[in-house]
Amino acid sequence: MPPPFNHPSLELELLAQTFFVKQFPVDAGVPAAITSGLNAAQHTQGISVVGEAVDDDGEWKCIKIAGPMNFGLTGVICNFTTPLRDANVPVFAVSTWNTDYVLVPKEKADAAVAALTEDGWRFRENSRDA
C-alpha cells in the first residue's frame, strides 16, 4: 500500500516506450561511452545498463513514481514492489536522486498496473493508455 498520505509525488506513470536491461562483465569490453567515469574495480559483479529501446522492441515497460520524493520518505520502494511480488511480476528497480523507476516485463505490464491499482496506488491520467 502506498505511504499513508496522498501526495502527487507518489502518483505513478506507465511510460509509453519500452526499455532494455543489459549486464556487461567488467572485462567484456563495455563501450567507453558507458564506462566513462566508472571505476571498474568497484564493479566486480558487472555493469548493468538500462536504456530506451529502439523501435519499441524492448522487453521491459517502466512504471515511474512521479517524484520528486523527499528523502525523509521510507519504505516507498518496498511498498511499491510488494503488490508486484504478490502478483508474480518480476521487477528491475532503478532509483535516482528524485524518484524511483520499476521496470517490469512488458507482457506483465497490465498485471502490474492492476496489482498496484488494487493496492491503492494512483496512476496519472492517460498513463495507463500508453
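Every chain begins its residue count from 1, and numbering advances along the sequence as written. The model is predicted, so local features are restricted to residues of pLDDT at least 70 and side-chain atom pairs to those at 80 or more, both for listing and for counting; the totals for chains, interfaces and linings are taken over all residues. Side-chain measures here rest on the full set of heavy atoms in the structure, leaving out hydrogens and waters.

K.L.:
I would appreciate a short explanation of helix α3 (residues 109–118) in the present structure.
P.N.:
Working note: α-helix, 3.6 residues per turn, so residues spaced by three or four point in the same direction. Where α3 is concerned, the buried positions are Ala-109, Ala-112, Val-113, Ala-115 and Leu-116. One face of α3 carries all of its buried residues, which in axial projection span an arc of 165°. Turned more than 90 degrees away from the buried face of α3, the exposed residues are Asp-110 and Glu-118. Buried residues in α3 make contact with β1 (12–24), β3 (60–65), α2 (76–86) and β5 (100–105). For every residue, the accessible area (1.4 Å probe, protein chains only) is compared with the maximum for its type, and the residue is labelled buried under 20%, exposed over 50%, or partly exposed between those bounds. Helix and strand assignments come from DSSP, with helices taken as H or I runs of at least 4 residues and strands as E runs of at least 2, each series counted from the N terminus. Taken from the helix axis, the directions to the C-beta atoms give the arc we talk about. By definition, residues are in contact when any of their heavy atoms lie within 4.5 Å.

K.L.:
Sorry, what's going on with the sheet that holds strand β4 (residues 92–95) here?
P.N.:
The strand order across the open sheet formed by five strands is β2-β1-β3-β5-β4, and the pairing between neighbours is antiparallel. This sheet does not close on itself; its edge strands, each paired only once, are β2 (47–52) and β4. Within the sheet, the average angular offset between the axes of one strand and its neighbour, ignoring direction, is 35°. Sheet topology note: the β1/β3 ladder contains five bridges and is antiparallel. Each pair of strands is called paired provided DSSP finds at least two bridges between the two strands. Helix axes are fitted to C-alpha atoms over the stretch in contact, other axes to C-alpha atoms as well, and angles between N-to-C directions run from 0 to 180 degrees.

K.L.:
I would appreciate a short explanation of the layout of surface pockets in the present structure.
P.N.:
Rolled over the atoms, a probe as big as a water molecule pinpoints where empty space is left. Every definition here rests on a 1 Å grid over the protein atoms only: cavities are sets of points where a 1.4 Å probe fits but cannot get out, pockets are open sets enclosed by protein on both sides within 12 Å along at least five of seven lines, and lining residues have some atom within 4 Å of a point. Grid points are joined across faces, edges and corners, and a volume is the space filled by probe spheres set on the points. Approximately 180 Å³ is the volume attributed to the largest pocket. Surrounding the largest pocket, 14 residues form its lining, Met-69, Asn-70, Phe-71, Leu-73 and Asp-100 being those nearest its centre.

K.L.:
What is the right way to read α2 from this model?
P.N.:
Within the span of α2, buried status applies to Val-76, Phe-80, Pro-83 and Leu-84. One side of α2 carries all its buried residues, which in axial view fall inside an arc of 105°. Among the exposed residues of α2, those oriented more than 90 degrees off its buried face are Arg-85 and Asp-86. Each element contacted by the buried residues of α2 is listed here: β1, β3, β5 and α3. Following α2 by one or two positions, Asn-88 adopts a phi angle in the positive range, close to 60°.

K.L.:
What is the right way to read the pattern of salt bridges from this model?
P.N.:
Side chains that differ in sign of charge can pair as their charged atoms come close. Put simply, a salt bridge is a Lys or Arg side-chain nitrogen that is within 4 Å of an Asp or Glu carboxyl oxygen. The full count for this structure, using the stated rule, is three salt bridges. Across the pair Arg-124 and Glu-11 runs a salt bridge whose closest N-O atoms are separated by 3.2 Å. Of this pair, Arg-124 sits in the segment after α3 while Glu-11 sits in the segment before β1; the two residues are 113 residues apart in sequence, bridging distant segments of the chain. We classify Arg-124 as partly exposed; its relative accessible area is 33%. With its nearest N and O atoms 2.8 Å apart, the salt bridge here joins Asp-86 to Arg-85. By relative accessible area, Arg-85 is classed as exposed at 58%. Counted as one network, the salt bridges with shared partners bring together Glu-11, Arg-122 and Arg-124.

K.L.:
I tried to follow the nonpolar core on my own but got confused; where do I start?
P.N.:
Side chains of a nonpolar character, in soluble globular proteins, are inclined to be buried together. Counting residues in each nonpolar core, the largest one holds 18 residues, and the members touching the most others are Leu-12, Ile-63, Phe-80 and Leu-116. Examining the composition of this core, we find that four residues originate from one element, α3, more than from any other. Sequence-distant contacts of Phe-80, that is, excluding residues within four places in its chain, are made with Leu-12, Ile-63, Ile-65, Val-102, Leu-116 and Trp-121. Within the second largest apolar cluster, five residues are counted, among which are Leu-15, Phe-19, Trp-60 and Leu-103. Here, nonpolar core means buried Ala, Val, Leu, Ile, Met, Phe, Trp, Tyr and Cys residues that are tied together by side-chain atoms lying within 4.5 Å of each other.

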